[in-house]
Amino acid sequence: MNDASDRELELVADEIRACTACPLHRSARQAVPGDGTGDSGIFFLGEAPGYHEDVQGRPFVGAAGQFLDELLAGIGLDRRKVFITNVVRHRPPENRDPLPDEIAACDMWLHRHLAVLRPRVIVTLGRHAMGKFFPGESISRIHGKPRRSTDGLPIFPVYHPAAALHQPALREALVADFRALAAYLATPAPTPEAEKKPAEQITLFG
Ligand code: URA
């Protein structure tokens, strides 16, 4: 990534640290804006900071984060070359699920990050991140395959590493999803001309 984008990311991070758009900032220790760079063109979107993320101010630094690091290393990706953030940037009390209003209030930061980074693919981790782009969909139906959002963004939904930590079947599915992600990334990004072809001719997206 170039210096201008890095500076832009830091400015967005400062604004997120000052954000009071939803009540979560009152109970959290600090905001967790996001981490990494746009170097690989891969943007990971998780659910919400947990205890360790709240303490350190960085996403995915607890047990789920260690598993995410293993999954990334397994397909040859360096964490410093991807960008990682969450659908809400403050920890919900007792790690409860983020509420729809909290997710909606945090939407502006997703747009800001996407405008700076313009990623090649957004990998959604878990159902909350998937639901931002495919409301009403079931993650068990669409995980592990690239798919365009209605806005035309390339999304690759996978299970959440925390869910997979204690469920062997989900763990296997997540490892397979990361292999599918690696295969998808190994194919050249479709050109704008290819993207304009009728849907039946485009095989990459489900
Ligand atoms: N789970 C998430 O979804 N995000 C984090 O940052 C940590 C755990």
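Up top you'll find the structure we're talking about.
Notes on the structure follow.

What counts and how
- Residues numbered from 1 in each chain as written.
- Predicted model: local features only at pLDDT ≥ 70, side-chain atom pairs only at ≥ 80, totals over all residues.
- Heavy atoms only, no water.
- Helix = DSSP H or I, 4+ residues; strand = E, 2+ residues; numbered from the N terminus.
- Buried < 20%, exposed > 50% of the residue type's maximum accessible area, 1.4 Å probe, protein only.
- Core = buried A, V, L, I, M, F, W, Y, C linked by side-chain atoms within 4.5 Å.
- Contact = heavy atoms within 4.5 Å.
- Near = heavy atom within 4 Å.
- Polar contact = N/O pair within 3.5 Å; in protein donor to acceptor, adjacent residues only side chain to side chain.
- Areas by Shrake-Rupley, 256 points an atom, 1.4 Å probe, with all protein chains shown as cover.
- Nonpolar A, V, L, I, M, F, W, Y, C, P; charged D, E, K, R; others polar.
- Axes fitted to C-alpha atoms, helices over the stretch in contact; angles between N-to-C directions.
- Parallel < 35°, antiparallel > 145°, perpendicular 65-115°, else oblique.
- Salt bridge = Lys/Arg side-chain N within 4 Å of Asp/Glu carboxyl O.
- Left-handed = near helix turned anticlockwise from the far one by under 90°.
- Pairing = 2+ DSSP bridges.

Quick notes on unusual backbone geometry
The backbone phi angle of Phe60 is positive, close to 50 degrees, even though this residue is not glycine. The phi torsion at Asn95 lies on the positive side, around 60 degrees, for a residue other than glycine. By secondary structure assignment, the location of Asn95 is in the loop between strand 3 (83–86) and helix 5 (100–105). Judged by relative accessible area, Asn95 falls into the partly exposed class, the value being 44%.

Some details on the nonpolar core
Counting 53 residues, the largest nonpolar core has Phe44 and Phe178 as its most contacted members. Looking at this core element by element, the count peaks at 7 residues for helix 10 (residues 168–186). Each residue touching Phe178, except ones within four places of it in the same chain, is listed here: Phe44, Leu68, Leu71, Leu72, Ile75 and Val158.

Description of the site of the ligand
Around the ligand, the surrounding shell consists of Gly46, Glu47, Ala48, Glu53, Pro59, Phe60, Asn86 and His160. One nitrogen or oxygen atom from the main chain of Glu47 is found 2.7 Å from an oxygen atom belonging to the ligand. Between Phe60 and the ligand, the recorded distance is 3.0 Å, taken from a backbone N or O atom to an oxygen atom. Taken by itself the ligand offers 230 Å² of open surface, and the protein chains cover 91% of this. Residue classes in the shell around the ligand are distributed as 3 nonpolar, 3 polar and 2 charged.

Comments concerning the packing of helix 1 (residues 3–17) against helix 6 (residues 107–117)
Direction vectors running N to C along helix 1 and helix 6 enclose 175 degrees, while the axes themselves pass 10 Å from each other. For the element pair helix 1 / helix 6, the angle class is roughly antiparallel. Facing helix 1, whose interface residues are Ser5, Glu8, Leu9, Val12, Glu15 and Ile16, helix 6 presents Trp109, Arg112, His113, Val116 and Leu117. When the residues that make up the contact of helix 1 with helix 6 are grouped by side-chain class, the tally is 6 nonpolar, 2 polar and 3 charged.

Structural notes on the pattern of salt bridges
Within this structure, the stated rule accounts for 13 salt bridges. Asp54 serves as the salt-bridge partner of Arg29, at 3.1 Å between the closest nitrogen and oxygen. Here Arg29 is found in the loop between helix 2 (24–27) and strand 1 (35–36), whereas its partner Asp54 is found in helix 3 (residues 51–56), with 25 residues between them in sequence. For Arg29, a relative accessible area of 53% puts it in the exposed group. Salt bridges linked by common partners bring Asp35, Arg58, Asp69 and Arg79 together as one network.

A few points about the environment of Ser27
Relative to the assigned elements, Ser27 resides in helix 2. For Ser27, a relative accessible area of 46% corresponds to the partly exposed category. A sequence separation of 152 residues divides Ser27 from Arg179, and the C-alpha atoms of the two residues are 38 Å apart. Excluding residues that lie within four positions of it along the chain, Ser27 makes contacts with Arg91 and Pro93.

Re the packing of helix 4 (residues 63–74) against helix 10
The packing of two helices is summarised by the inter-axis angle and the distance between the axes. The interhelical angle for the contact between helix 4 and helix 10, taken along N-to-C directions, is 40 degrees, at an axis separation of 9 Å. Judged on the interaxial angle alone, helix 10 and helix 4 are oblique. The two elements helix 4 and helix 10 meet at a crossing, and its hand is right-handed. Only Arg171, Leu174, Val175 and Phe178 of helix 10 make contact with helix 4, whose side of the interface consists of Phe67, Leu68, Glu70, Leu71 and Leu72. Its residues placed into classes, the contact of helix 4 with helix 10 shows 7 nonpolar, no polar and 2 charged.

Re the pairing of strand 2 (residues 42–46)
The buried count for strand 2 comes to 5 of 5 residues, which makes it a mostly enclosed element. Side-chain alternation along strand 2 places Ile42, Phe44 and Gly46 on one buried face and Phe43 and Leu45 on a second face that is also buried. With 4 bridges connecting them, strand 2 and strand 4 (residues 121–125) associate as parallel partners. By the bridge assignment, Phe44 is partnered in strand 4 with Val123. Direction of pairing for strand 2 relative to strand 3: parallel, over a ladder of 4 bridges. Its bridge partner being in strand 3, Phe43 is matched across the sheet by Phe83.

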